[in-house]
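Here is how the chains run, residue by residue.
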Amino acid sequence: MGSGLFTDADADADTDAAADADSDAGPTPAVVSVILVIVILGFAFEPGVVLPRPAAVPMVLLQLAICLPATWRLRGAWTLAAQALLTPWSGLPGFLGASVLLVVERPVRWALFTVVVLAAGPLAPGDGSVHSVLNGIGNALAHGLILYALTRLTDLYAELRTTRGALARARVTAERERAGRDLDAVLGTALAEITRLAGQGRRAAEELVRVARAATERVRAAPPTQSADGADNPFGALAPRLVWPIVVATHLEYLVVGTTFLLGAGVRGWWFVAYATALAAVVGLQAYHCLPRPPGVCPPYVAWTLGVQLTLALGMLAAPDGPYPQLMGFAAASVLIVLPGRTAWPAAGALTALVAIAMLLWPDGPAAPGTALLLLDIVVIALVFYGIALLTGLVHQVREARGALAALAVARERRRIARDVHDLLGCGLSAIALKGELAVRDPDRERADRHLADAAALADRALADLQAIPGEIQKITLAEEVASAREVLAAAGVVVLVRGGLEAVDGRSEALFATVLREAVTNVLRHAAGARRCEVNFGPGLLRVANDGRAVPRLAWGQEGRRAGAGGNGLRNLRERTAALGGVLEAGPAPHGRGFVLTVRLESARVSAVG
């Protein structure tokens, strides 16, 4: 409504302001993408090979283009075909598997992904042993699933951040539709009944008054609260549904490959049982720590589970036949996931440094380049599972922010609708009741019929206002409200004096003053017992409405803005509207002890003392 109340532009501004305030709730998608870049680069290095194959460079560049949010539009058949051609020479079948999952439609993609993973076995470097084949298959499976999960979570996070305001606007639209139905069912029916009764003449006038009074009480009562819940899109549910199977599958892969490595290394007997148990415990506890949870929620018994995992991982560094350092990657991931950031990163760095020390102290350990590659492998393992946990938490966090933003927008819209219903319909319904009472009391049949015709016209106007409130499409003007005040109050025997022409009121003030004047007239009709005179004074940024009714209005005007649920909401609504324009509303008994004065001052305008 062009009344300067809460328009669509205002609602959008509220939503945008809330979105801006929420913009610092999490890192930007560009920052989150750093995890993806590090993981992709880490996966590009083969165990024991200092430099990647030449074909791995374009393979990595294509993978970055496919996975990063900034370049997601490059995902397509040509990038997939190029990676398929490069795969046999790049040694990175897991990259092709991830791209298949990201580019190909369901359900074909999972079948193609399975083919890529199985083909990775024969392509894997090594002697063709069972361990090398399983290692190739396992790496392709883990790399493909992890890159797919990290990419989808990053996409999801970016999309949720981008569409925070969309959910709020959708909820506001739904709230307006609901409010329109409810208002039509309650007040629209009453106004239609008033029009029907007015057409029946004086014999229905008393019933018309009763219906108008009942509708007025509904309008002026505090609005009932109603749930703002609405169906969100499935983004939030997608994160845990996506992460659970990938977490389980990748950890099983590490467990299987680690077990075959122990067998291939000739570990047997009780040593095999001890090492396999430690491997299963460390990997299993890592899966437990990595499962999706809301941000800030630690796994139950985390002090014990993390302690056991660290003890076993550190113990494997001191194994009699040499250290098994890869388990420290899982321990470092758990540290990053469950400990606070200030503690987690130094602790993870310390664990990585321990691996470097253990490898350098081991007589049969690798040289510096081999140790560096081993440390890179540990860092990548830690970042992979930390990234999955971090992105899952960020998706949950942004989804909660979307829901809070939507709830705030709906609450504002509900308050705006209730305020407009109260302020825009209260005067009309009170005037209808007054016209009905005049028709009942007037002995002249012709004048009584005119009163009833006026009541029907007022009901039509109120119905138009009612239908406009949810969509905010109608404008009220100050000139119309002054004319209406003269007519309505004159019917009640109150003389209206207007001072300071309307030209003194600027466009910024007009809509607010029109709403305040309408509410002031309503309260003269309802509360100013014995009033015979009402003065309306206008000035730059100033509106003053005074009546000479008895002092009864103090309760109606002075407490309704403070007593929740008691009486109407007039003063509270007017104060909110005035404060929104940087003004001040004052209300109280007239200085001489009889009557009531309502003054609105917009401090940004030049105020002149009037009256």
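Residues numbered from 1 in each chain as written. Predicted model: local features only at pLDDT ≥ 70, side-chain atom pairs only at ≥ 80, totals over all residues. Heavy atoms only, no water.

**Q** Before we move on, can you summarise the packing of helix 5 (residues 93-103) against helix 6 (residues 108-123) with the specific residues and values?
**A** Where helix 5 contacts helix 6, the axes come no closer than 9 Å and their chain directions differ by 175°. Relative to helix 6, the element helix 5 lies roughly antiparallel. Residues Pro 93, Leu 96, Gly 97, Val 100 and Leu 101 of helix 5 form the contact with helix 6, whose own contacting residues are Arg 109, Trp 110, Leu 112, Phe 113, Val 116 and Ala 120. Taken together, the residues of the contact of helix 5 with helix 6 break down into 9 nonpolar, 1 polar and 1 charged. (Axes fitted to C-alpha atoms, helices over the stretch in contact; angles between N-to-C directions. Helix = DSSP H or I, 4+ residues; strand = E, 2+ residues; numbered from the N terminus. Parallel < 35°, antiparallel > 145°, perpendicular 65-115°, else oblique. Contact = heavy atoms within 4.5 Å. Nonpolar A, V, L, I, M, F, W, Y, C, P; charged D, E, K, R; others polar.)

**Q** Would you mind going over helix 18 (residues 507-527) in detail, with residue names and values included?
**A** Helical periodicity: at 3.6 residues per turn, an α-helix aligns residues three or four positions apart in one direction. For helix 18, with 21 residues, the first-to-last C-alpha span of 30 Å sits near the 30 Å given by 1.5 Å per residue. For helix 18, the tally of buried residues reaches 16 of 21 residues, placing the bulk of the element in the interior. (Expected span 1.5 Å × (residues − 1). Buried < 20%, exposed > 50% of the residue type's maximum accessible area, 1.4 Å probe, protein only.)

**Q** Report on helix 20 (residues 570-580), specifying residues and quantitative values.
**A** Among all positions of helix 20, only Gly 570, Leu 571, Asn 573, Leu 574, Arg 577 and Thr 578 are buried. All buried residues of helix 20 lie within an arc of 160° about the axis, which places them on one face of the element. Positioned one or two residues after helix 20, Gly 582 has a phi angle of 75°, which is positive. (Arc of directions from axis to C-beta.)

**Q** Explain the packing of aromatic side chains to me, and be specific about the residues and the numbers.
**A** Considering all chains together, one arrives at 8 aromatic pairs under this definition. Between Tyr 254 and Phe 330 the ring centres are 5.1 Å apart and the planes differ by 90°, which places this aromatic pair in the edge-to-face class. With Tyr 254 in helix 10 (residues 235-264) and Phe 330 in helix 13 (residues 327-338), this residue pair connects regions lying 76 residues apart in the sequence. With respect to class, Tyr 254 is no different from Phe 330; both count as buried. Joined through ring pairs, the aromatic side chains of Trp 110, Phe 113 and Tyr 148 make up one cluster. (Phe/Tyr/Trp six-rings, centres within 6.5 Å; stacked < 30°, edge-to-face > 60°.)

**Q** Outline the packing of helix 18 against helix 20, supporting the account with residue identities and numerical values.
**A** Here helix 18 crosses helix 20 at 170°, and the two axes come no closer than 11 Å. Considering the angle they form, helix 18 stands roughly antiparallel to helix 20. Packed against helix 18, whose contacting residues are Leu 512, Thr 515, Val 516 and Glu 519, the element helix 20 presents Gly 570, Leu 574, Arg 577 and Thr 578 at the interface. Among the residues forming the contact of helix 18 with helix 20, the class breakdown is 3 nonpolar, 3 polar and 2 charged.

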